Amino acid sequence: AAAEASSAPAARSASASSGPLMNRRRVVVRMSPILRDEASSSTAPVEPERVMSGHEEDILSIAYSPPNLLATSGYDGSVLVWNMDSGVAKFSFTIPNVSSLDVDQRAVWKLLFLDQRDHALVSSGADGCLRLWNVKEGALTLEFDSGHRRGEAVVSMATDPSNSFLFTADTAGY
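Definitions and cut-offs
- Residues numbered from 1 in each chain as written.
- Predicted model: local features only at pLDDT ≥ 70, side-chain atom pairs only at ≥ 80, totals over all residues.
- Heavy atoms only, no water.
- Phe/Tyr/Trp six-rings, centres within 6.5 Å; stacked < 30°, edge-to-face > 60°.
- Helix = DSSP H or I, 4+ residues; strand = E, 2+ residues; numbered from the N terminus.
- Buried < 20%, exposed > 50% of the residue type's maximum accessible area, 1.4 Å probe, protein only.
- Core = buried A, V, L, I, M, F, W, Y, C linked by side-chain atoms within 4.5 Å.
- Polar contact = N/O pair within 3.5 Å; in protein donor to acceptor, adjacent residues only side chain to side chain.
- Contact = heavy atoms within 4.5 Å.
- Pairing = 2+ DSSP bridges.
- Axes fitted to C-alpha atoms, helices over the stretch in contact; angles between N-to-C directions.
- pLDDT = per-residue confidence, 0-100.

With reference to specific residues and values, describe the packing of aromatic side chains.
Scanning the model with the defined rule gives 4 aromatic pairs in all. On the basis of an interplanar angle of 75° and a centroid distance of 5.5 Å, the ring pair of tyrosine 75 and tryptophan 109 is categorised as edge-to-face. In this pair, tyrosine 75 sits in the loop between strand S5 (69–74) and strand S6 (78–83) while tryptophan 109 sits in strand S8 (residues 108–114), placing the two residues 34 residues apart along the sequence. No difference in accessibility class separates tyrosine 75 from tryptophan 109, as the two residues are buried. Both rings, one in phenylalanine 91 and one in phenylalanine 93, keep their centres 5.8 Å apart while their planes meet at 10°; by these two values the pair is stacked. Exposure class is identical for phenylalanine 91 and phenylalanine 93. Each is buried.

Structure, rendered in structure tokens:
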């Protein structure tokens, strides 16, 4: 199953000290030193295994798909798909007509890999659209209005194990 992490819409910060989800770089940390037993008294700092840069604005969402894909999105209206073996961005997607959107309508709030749908990544954003990206071919394959109230951003998504249903929520709580 794909793992994901996302920040809340109201938590925007340009500070590099805010953490890996709130600046323009991805920090990859090997989980084994973090997941230690409670009896361990080690206070050794955990160093990043890799730091990758690519977004022009703050990162809002991260999604992982085994064995080696990581996708990130941000306020800049872009989605980057990374090969974790090489640390190189495999694809850089930008939402259509991003330059014609108001700055507050460009954010890509949430990413979700659909592991049962070959090579599919779905994104949701401040413009109320859902987009399906093909991460093998590097293309936008489907774009549609989410059906939420006009002006509401889609900030959360989930799917069932077979990826037959996509559940969404917006900034108004619906």
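Read on, since the account is not over.
Please set out the nonpolar core residue by residue, giving values where relevant.
Proteins that are soluble and globular tend to have nonpolar side chains buried together. Grouped together as the largest cluster of nonpolar side chains are 15 residues, with contacts concentrated most on Val79, Val81, Phe93, Leu111, Phe113, Leu121 and Val135. Every element with two or more residues in this core is listed here: S5, S6, strand S7 (88–94) and S8. A per-element tally of this core places S8 first, with 3 residues.

I'd like a rundown of unusual backbone geometry, residues and numbers included.
Of note, the bond from proline 66 into proline 67 is cis; its omega dihedral lies within 30 degrees of zero at 5°. One non-glycine residue with positive phi stands out, namely asparagine 97, at about 55°. The phi dihedral of histidine 119 falls on the positive side, at around 65°, and the residue is not glycine. Considering the arrangement of structural elements, one finds histidine 119 in the loop between S8 and strand S9 (120–125).

So what about the side chain of arginine 131? Which residues, and what values?
Considering the arrangement of structural elements, one finds arginine 131 in strand S10 (residues 129–134). In terms of polar contacts, arginine 131 uses its side chain to reach the side chain of glutamate 143, at 2.8 Å. Among all residues touching arginine 131, those that are not within four sequence positions of it are Ile95, Pro96, Leu121, Val122, Ser123, Leu140, Leu142 and Glu143.

Can you explain the sheet that holds S9? Please cite residues and give values.
An order of S8-S9-S10-S11 is seen for the 4 strands of this open sheet, with the pairing classed as antiparallel. Looking at strand neighbours, the two that pair on one side only are S8 and strand S11 (139–145), the edges of this open sheet. Neighbour to neighbour, the strand axes of the sheet diverge by 20° on average, direction disregarded. Both S10 and S11 contribute to a ladder of 6 bridges, which runs antiparallel. Pairing of cysteine 129 across the sheet is with aspartate 145, part of S11.

Please give an account of the environment of histidine 55 that cites residues and values.
In this fold, histidine 55 is placed in the loop between strand S3 (50–53) and strand S4 (59–65). Measuring from C-alpha to C-alpha, the distance between histidine 55 and tyrosine 75 comes to 8.8 Å, with 20 residues separating the pair along the chain. Polar contacts involving the side chain of histidine 55 include one to the side chain of aspartate 76, which spans 3.4 Å. A distance of 3.0 Å separates the side chain of histidine 55 from the side chain of serine 78, its partner in a polar contact.

Talk me through the confidence of the model for the protein chain; I want residue IDs and the actual numbers.
Here the protein chain averages 79 in pLDDT, and 75% of its residues register 70 or above. Mean pLDDT across the elements of the protein chain ranges from a minimum in strand S1 (residues 3–6), with 40, to a maximum in S8, with 95. When the criterion is pLDDT under 50, residues 1–22 qualifies, and its contacts beyond four places in sequence or with other chains add up to 50 contacts.

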